[in-house]
Amino acid sequence: MAGRTLIQLEKVSKTYKVGKLESTVLKDIDLTITEGEYVSICGPSGSGKSTLLSIIGVLNGATTGRYLFDGADITSMKQAEHARIRNRQIGFIFQAFNLSSEMTAAENVELPLTYRKEMGRKDRKELVDEMLDKIGMTDFANHFPAQLSGGQQQRIAIARALAGKPKIILADEPTGNLDSKAAAIVMDIFDRLNAEGTTICLVTHDPRSASKAKRQVHLFDGRIVDEPQTGKDDDETQLHAV
Ligand SMILES: Nc1ncnc2c1ncn2[C@@H]1O[C@H](COP(=O)(O)OP(=O)(O)OP(=O)(O)O)[C@@H](O)[C@H]1O
Ligand SMILES: [Mg+2]
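Residues numbered from 1 in each chain as written. Chains lettered and ligands numbered in written order. Predicted model: local features only at pLDDT ≥ 70, side-chain atom pairs only at ≥ 80, totals over all residues.

Another point: the overall build of the protein chain. Counting its secondary structure elements, the protein chain contains 8 helices and 10 strands. Taking 242 residues into account, the globule formula puts the C-alpha radius of gyration at 18 Å, and the protein chain, at 18 Å, falls close to it. Overall, the C-alpha framework of the protein chain stretches about 50 × 50 × 45 Å when taken along its three principal axes. For the protein chain, the proportion of its 242 residues judged to be buried stands at 37%. Restricting the contact set of the protein chain to residue pairs at least 6 apart, pairs at least 24 apart contribute 72%. (Helix = DSSP H or I, 4+ residues; strand = E, 2+ residues; numbered from the N terminus. Rg over C-alpha atoms; globule rule 2.2 N^0.38 Å. Buried ≥ 20, exposed ≤ 12 C-beta atoms within 10 Å, placed from the backbone. Contact = placed C-beta atoms within 7 Å.)

Structure below.
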């Protein structure tokens, strides 16, 4: 069964202006993601992956083009509506975990839910327990981030992203700060979530992580290309390896 279109970018471009310098870092991006898909966006450093994800995540606006989220035109919405979509429909996971160090694991997972006026304390706690269980972190509910390994912190960040029951999970290099064992656990969680129906868009420059996704989108110099391209970074890596 073909899923419903969740993300639809049409000829999206992004130009950053810093002082008098202008640079167009995304060029004519057409991208559609349907419900239930697992898509990776890969490409060399500087190719525009994070910029593209921040536009999909409504953290950043396109300079030109059109963006429909679940059929609604983001381009013409007010900022308050953008904030509501970010809080309710999108779950973010970043390389640096971005947990609050003052809060326990459970409190971190609960935080985005506290902005929902209609949700009482008991419902929130139930949802938090469910999410901690999902990622195998129930025993660590009362630990603070500093008392957790990087992999465990990232699992808490995943639980936090999931707690709001978003329509899509957006992850930007989620295994970038993890050793290979912790990275494998995180990638397995993504596999399992997708098998349960969660829509996932994963940004990575690691081809091994990218290959876990069912569809790969390759970015090079701000454009979607058919095949992976070698970027400057990879050339440097090869030089070091010689
Ligand atoms: N806020 C900003 N203002 C100006 N230029 C920016 C901004 N954010 C990103 N850029 C530029 O846009 C280009 C693409 O950056 P982006 O962070 O999207 O790349 P990336 O593919 O995520 O790279 P990496 O793999 O290193 O994370 C880069 O040339 C970068 O310098
Ligand atoms: Mg990036």
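Note on sheets: strands pair through backbone hydrogen bonds, and any given pair is parallel or antiparallel. The 6 strands lie next to each other as β6-β7-β8-β3-β9-β10, forming an open sheet whose pairing is mixed. Edge positions in the sheet fall to β6 (90-94) and β10 (223-225), since each has one partner strand and no second. Here the average twist between neighbouring strands, direction ignored, is 25 degrees. Summarising the sheet, strand β3 (residues 38-42) and strand β8 (residues 199-204) pair through 5 bridges and their orientation is parallel. In the strand pairing of β8, C42 is matched with T204. Helix-sheet contacts for helix α5 (residues 150-163) involve β6 and β7 (168-172), and the interaxial angle to β6 is about 165 degrees. (Pairing = 2+ DSSP bridges. Axes fitted to C-alpha atoms, helices over the stretch in contact; angles between N-to-C directions.)

Counting residues in hydrophobic clusters, the biggest one holds 60 residues, and the most contacted among them are I41, V109, A159, L170 and C201. Looking at which element gives the most residues to this core, the answer is α5, with 7 residues. The residues contacting I41, other than those within four sequence positions of it, are K49, L52, L53, C201, V203, V217 and L219. (Core = buried A, V, L, I, M, F, W, Y, C linked by C-beta atoms within 7 Å.)

The subject of this paragraph is the sheet that holds strand β2 (residues 21-34). With antiparallel pairing, 4 strands are arranged side by side in an open sheet as β2-β1-β4-β5. The open sheet terminates on both sides in strands that have one partner only, identified here as β2 and β5 (72-73). With 5 bridges joining them, strand β1 (residues 5-18) and strand β4 (residues 64-69) adopt antiparallel strand pairing. Each bridged residue has a counterpart across the sheet, and for I7 the counterpart in β4 is F69.

Attention now goes to the environment of M187. Note that M187 resides in helix α6 (residues 180-195). For the pair M187 and A213, spaced 26 residues apart in sequence, the C-alpha separation works out to 9.6 Å. When sequence neighbours within four positions are dropped, the list of residues in contact with M187 reads T175, S209 and K212.

Contact geometry of helix α4 (residues 121-134) with α5 gives a least axis separation of 9 Å together with a crossing angle of 135 degrees. What the angle tells us is that α4 and α5 run oblique. Classified by chirality, the crossing of α5 by α4 is right-handed. Of the residues in α5, those touching α4 at L127, V128, M131, L132 and K134 are A159, L162 and A163. Looking at the contact of α4 with α5, its residues break down into 7 nonpolar, no polar and 1 charged. (Parallel < 35°, antiparallel > 145°, perpendicular 65-115°, else oblique. Left-handed = near helix turned anticlockwise from the far one by under 90°. Nonpolar A, V, L, I, M, F, W, Y, C, P; charged D, E, K, R; others polar.)

What follows deals with the environment of K20. Tracing the sequence through the fold places K20 in the loop between β1 and β2. Distance from K20 to P228, taken between C-alpha atoms, is 32 Å for residues 208 residues apart in sequence.

This part covers the site of ligand 1. Taken together, Y16, V18, V25, G43, S45, G46, S47, G48, K49, S50, T51 and H205 are the residues near ligand 1. Elements supplying a minimum of two residues to the shell around ligand 1: β1 and α1 (49-56). If one sorts the elements of the shell around ligand 1 by residue count, α1 sits on top with 3 residues. Its residues assigned to classes, the shell around ligand 1 shows 3 nonpolar, 8 polar and 1 charged. (Near = placed C-beta within 6 Å.)

Note that β1 and β2 share 10 bridges and pair antiparallel. The residue bridging I7 from the neighbouring strand is I33, located in β2. Between β1 and β2, which pair antiparallel one after the other, the connecting turn spans 2 residues, and G19 there sits at a positive phi close to 60 degrees.

Everything listed is a geometric property; what it means functionally is a separate question.
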